[in-house]
Amino acid sequence: MVMYYADKKKAIEGKTRISERRLLLLAAIGGGVGAFLAMHLFHHKTKKKKFTIGVPIWLALHMSLIIFVTYQNNHLVVSRYEYQSENVKCRIVQLSDIHNTYLWFDDDYIVDAVRKEQPDIIVITGDLVDSNRTNIDKAGRLLKRLSQIADTYYVTGNSDYLL
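In this report, we go over the structure that sits alongside the text. (Residues numbered from 1 in each chain as written. Predicted model: local features only at pLDDT ≥ 70, side-chain atom pairs only at ≥ 80, totals over all residues. Heavy atoms only, no water.)

### As for the packing of helix H2 (residues 20–41) against helix H3 (residues 49–74)
Logical step 1: Closest axis-to-axis distance for the H2/H3 pair is 8 Å, and the angle between their directions is 75°. Here H3 runs roughly perpendicular to H2, going by the angle between their axes.
Logical step 2: Its residues assigned to classes, the contact of H2 with H3 comprises 15 nonpolar, 5 polar and 2 charged. (Axes fitted to C-alpha atoms, helices over the stretch in contact; angles between N-to-C directions. Helix = DSSP H or I, 4+ residues; strand = E, 2+ residues; numbered from the N terminus. Parallel < 35°, antiparallel > 145°, perpendicular 65-115°, else oblique. Nonpolar A, V, L, I, M, F, W, Y, C, P; charged D, E, K, R; others polar.)

Here it is in structure tokens:
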């Protein structure tokens with residue numbers, strides 16, 4: 001946004017401008033929101049097709065990436081695998097990489113999903129918390145609730161280990 005403002009000011013003053021290539025590059029490497037806002041706030045580059053088409057495309061790509069990454073890192077995936085043996089009959093629920101992230105759901109959602117699977121044991125295979133979102137009390141409450149469903153086992157992951 002600052003670069004677009006600076007370029008607009010230089011254009012008004014008749015000074016050496018920032019290249020269009022550089023302005024588009026800024027939009028491409030993550031500045032799509034700023035570029036889009038600057039174009040409309042400062043009425044800059046609004047008649048150039050490569051900006052009126054390019055900047056919204058970069059903005060849409062960045063927003064899509066943000067939504068995708070946020071969703072991927074914050075939703076619950078249930079995968080079912082079946083192993084048959086005459087000697088062993090056990091239903092195991094494995095939870096991994098929770099990272100204290102309940103953006104899309106709270107622990108009720110996790111507990112209900114686990115309960116629905118009717119496990120014999122629950123294994124948590126790392127990264128219940130992490131250094132960016134460390135809420136030991138919340139993690140403890142989740143572990144307590146899960147342990148009321150079935151025997152629960154926990155192994156630290158790299159994020160847990162770093163704490």
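The discussion continues.
### Observations concerning the environment of Ser-131
Logical step 1: Positionally, Ser-131 belongs in the loop between strand E2 (121–125) and helix H5 (136–147).
Logical step 2: The class of Ser-131 is exposed, set by a relative accessible area of 53%.
Logical step 3: As a C-alpha pair, Ser-131 and Asn-100 span 31 residues in sequence and 9.7 Å in three-dimensional space. (Buried < 20%, exposed > 50% of the residue type's maximum accessible area, 1.4 Å probe, protein only.)

### Digging into helix H4 (residues 107–116)
In an α-helix, one turn spans 3.6 residues; hence positions three or four apart end up facing the same way.
Logical step 1: Those residues of H4 lying buried are Asp-107, Ile-110, Val-111 and Val-114. Buried positions in H4, seen along its axis, are confined to an arc of 95° and lie on one side of it.
Logical step 2: Close packing links the buried residues of H4 with strand E1 (92–95), E2 and H5.
Logical step 3: Positive backbone phi, approximately 50°, marks Gln-118, located one or two places after H4. (Arc of directions from axis to C-beta. Contact = heavy atoms within 4.5 Å.)

### Some words on the packing of aromatic side chains
Logical step 1: Within this structure, the stated rule accounts for 2 aromatic pairs.
Logical step 2: Both rings, one in Tyr-4 and one in Phe-51, keep their centres 6.2 Å apart while their planes meet at 85°; by these two values the pair is edge-to-face. Remark: Phe-51 occurs in helix H3 and Tyr-4 occurs in helix H1 (residues 2–13); sequence separation between them is 47 residues. (Phe/Tyr/Trp six-rings, centres within 6.5 Å; stacked < 30°, edge-to-face > 60°.)

### Topic: the nonpolar core
Logical step 1: Leu-95, Val-114, Ile-122, Leu-142 and Leu-146 are the most contacted members of the largest nonpolar core, which has 14 residues in total.
Logical step 2: At the level of secondary structure, the elements contributing two or more residues to this core comprise E1, H4, E2 and H5.
Logical step 3: The residues contacting Ile-122, other than those within four sequence positions of it, are Val-93, Leu-95, Val-114, Leu-146, Ile-149, Ala-150, Asp-151, Thr-152 and Tyr-153.
Logical step 4: Ranked by size, the runner-up nonpolar core spans 10 residues in total, among them Leu-23, Ala-35, Ala-38 and Met-39. (Core = buried A, V, L, I, M, F, W, Y, C linked by side-chain atoms within 4.5 Å.)

### Details of the pairing of E1
Logical step 1: Residue alternation in E1 divides its side chains into a buried set, Val-93 and Leu-95, and an unburied set, Ile-92 and Gln-94.
Logical step 2: Across 4 bridges, the pairing between E1 and E2 is parallel. Residue pairing across strands places Val-93 opposite Ile-122, the latter belonging to E2. (Pairing = 2+ DSSP bridges.)

### What to know about H2
Logical step 1: Spanning 22 residues, H2 covers only 18 Å between terminal C-alpha atoms, well under the ideal 32 Å at 1.5 Å per step.
Logical step 2: Largest kink in H2: about 130°, centred on Gly-31.
Logical step 3: Considered for burial, the residues of H2 that qualify are Glu-20, Leu-23, Leu-24, Ala-27, Ala-28, Gly-32, Gly-34, Ala-35, Ala-38 and Met-39.
Logical step 4: The elements touched by buried residues of H2 are H1 and H3.
Logical step 5: Taken from the residues just after H2, His-43 is the one with a positive phi, measuring 50°. (Expected span 1.5 Å × (residues − 1). Bend = angle between axes of the 7 residues up to and from the residue.)

### Quick look at the sheet that holds E1
Logical step 1: In spatial order, the strands read E1-E2-E3; together these 3 strands make up an open sheet with parallel pairing. Only two strands of the sheet have a single partner each, and these edge strands are E1 and strand E3 (151–155). The average angle at which neighbouring strand axes cross in this sheet is 20°, direction not considered.
Logical step 2: With respect to the sheet, H5 is in contact with E1, E2 and E3, its orientation differing from that of E2 by roughly 155°.

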